[in-house]
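Per-entry structural report
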Amino acid sequence: MSEYLFTVPEVYSIPVEGESAAYPVHRIFCVGRNYAAHAAEMGVEVDREAPFYFSKTPSATLPTGSTVPYPPGTVNYHYEMELVIAIGKPVFKVDLEAGMDAIYAYGCGLDMTRRDLQLVAREKGRPWDLGKDFEQSGVFAPLVKADKVSAIGPQRIHLEVNGETKQDAHLADLIWKVDEIVSDLSKFYHLAPGDVIMTGTPAGVGPVTAGDTITGGIDEVGTISLTIAEAE
Ligand code: MN
């Protein structure tokens, strides 16, 4: 098809350290409750049988360093600092080794959340979309190729609001490890380059308001920031 009824939507992408070409985002998968201390603060138990997922629309992608207006429909807008996985080869129903081999790069991400809407949905057994999948809710720092990052585990993952530490953990605290996530998700989807996975957030989530600046980082992977402006 070469003609469309309206302007073709923008391709959203994430820069890659050391590459002039960007990583185009096809899908954004997110893992829920992947740090025990965060599940506890949310008042829920970790399901150790299997990870669970939700997703964000690729057009939710926003680069680090952005300023976003306080989003509509919420009075409890939260940050979630996360390790991001970028898939680099097609995989379907693969084991842990092939799952690890499919990881092209890692990154820092913010899974911005309308917590009030998420919790209403959770309590009513409804989908989380209004709480999780909204415009400018997926913030990404440049990706770092996986071979530049040592084995995932000892790296510190942290987030500050206006310079005050709010989240502080290590990637070793991930309940479902990166290879387990890719292998498990590949049982449900034909994963392919362009698929990114936000791997869950540590304890310490909380609200931000207009005027706040979020900063965060993961050892060896990079840093990320987001500033909140007044609502539109
Ligand atoms: Mn999250």
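The shown structure was predicted, so the numbers you read here are calculated from the model rather than taken from an experiment.

Procedures and definitions
Residues numbered from 1 in each chain as written. Predicted model: local features only at pLDDT ≥ 70, side-chain atom pairs only at ≥ 80, totals over all residues. Heavy atoms only, no water. Pairing = 2+ DSSP bridges. Helix = DSSP H or I, 4+ residues; strand = E, 2+ residues; numbered from the N terminus. Axes fitted to C-alpha atoms, helices over the stretch in contact; angles between N-to-C directions. Phe/Tyr/Trp six-rings, centres within 6.5 Å; stacked < 30°, edge-to-face > 60°. Buried < 20%, exposed > 50% of the residue type's maximum accessible area, 1.4 Å probe, protein only. Donors = N, O, S within 2.8 Å, 3.2 Å for Na, K, Ca; no water. Core = buried A, V, L, I, M, F, W, Y, C linked by side-chain atoms within 4.5 Å. Contact = heavy atoms within 4.5 Å. Lys, Arg positive; Asp, Glu negative; His and termini not counted. Salt bridge = Lys/Arg side-chain N within 4 Å of Asp/Glu carboxyl O.

**A short note on the sheet that holds strand S18 (residues 222-229)**
One open sheet accounts for five strands, arranged S6-S18-S17-S13-S14; its pairing is mixed. Pairing within the sheet leaves two strands with one partner each, and these edge strands are strand S6 (66-69) and strand S14 (164-170). Sheet twist, expressed as the mean angle between neighbouring strand axes with direction ignored, is 20°. Across six bridges, strand S17 (residues 213-218) lies against S18 in antiparallel orientation. Directly across from Thr-215, in S18, lies its bridge partner Ser-225.

**Remarks on the packing of aromatic side chains**
Geometrically, a pair of aromatic rings is defined through the distance of the ring centres and the angle of the planes. If you walk through the whole model with that rule in mind, you get six aromatic pairs. Look at Tyr-77 and Phe-134: their rings are 6.4 Å apart centre to centre, the planes differ by 65°, and that puts the pair in the edge-to-face class. On the criterion of sequence distance, the pair formed by Tyr-77 in strand S7 (residues 77-79) and Phe-134 in the loop between helix H4 (129-132) and strand S11 (138-140) is long-range, its members being 57 residues apart. On the basis of relative accessibility, which here comes to 1%, the residue Tyr-77 falls in the buried class. Overall, Phe-134 belongs to the buried group, its relative accessible area being 7%. What links up through ring pairs into an aromatic cluster is the set Phe-52, Phe-54 and Trp-128.

**Overview of the pairing of strand S3 (residues 27-32)**
Of all six residues making up S3, five are buried, and the element is well covered by its neighbours. Pairing geometry for S3 and strand S4 (residues 52-56), over five bridges, is antiparallel. Bridging from a neighbouring strand, Cys-30 pairs with Phe-54 of S4.

**Comments concerning the coordination of the manganese ion**
As a benchmark, a tetrahedral metal site with four donors has ideal angles of 109.5 degrees, while an octahedral site with six donors has ideal angles of 90 or 180 degrees. Taken together, the protein ligands of the manganese ion are Glu-80 (OE), Glu-82 (OE) and Asp-111 (OD), with distances of 2.0 to 2.1 Å. Read in sequence order, the donor residues coordinating the manganese ion give the pattern E-x1-E-x28-D. Assigned by exposure class, Glu-80 and Glu-82 land together as buried.

**Notes on the nonpolar core**
Core analysis: the biggest nonpolar cluster contains 68 residues, and Met-112 and Leu-226 have the highest contact counts within it. Considering every element that reaches this core, the biggest residue donor is strand S8 (residues 81-87), with six residues. When near neighbours in sequence (up to four residues on either side) are disregarded, Leu-226 contacts Leu-62, Ser-66, Val-68, Tyr-77, Leu-110, Met-112, Val-139, Asp-212, Thr-213 and Ile-214.

**Thoughts on unusual backbone geometry**
Phi angles above zero are rare outside glycine, and Lys-93 is one such case at about 55°. Looking at where Lys-93 falls in the secondary structure, it is placed in the loop between S8 and helix H2 (96-101). A positive phi angle, close to 60°, is found at Gln-136, a residue other than glycine. Along the chain, the position of Gln-136 falls in the loop between H4 and S11.

**Here we look at the side chain of Asp-179**
Within the secondary structure, Asp-179 is located in helix H5 (residues 178-185). Among buried Asp, Glu, Lys and Arg side chains, Asp-179 stands out as unpaired, with Lys-177 the closest opposite charge at 8.3 Å. Contacts of Asp-179, omitting those with residues within four sequence positions, involve Leu-96 and Met-100.

**Let's talk about the environment of Ile-14**
Relative to the assigned elements, Ile-14 resides in strand S1 (residues 13-14). The exposure class of Ile-14 is buried, given its relative accessible area of 1%. Distance in space between the C-alpha atoms of Ile-14 and Val-25 is 7.2 Å, their sequence separation being eleven residues. Beyond its immediate stretch of four places on either side in the chain, Ile-14 contacts Ala-22, Tyr-23, Val-25, Thr-61, Phe-140, Ala-141, Pro-142, Leu-143 and Val-196.

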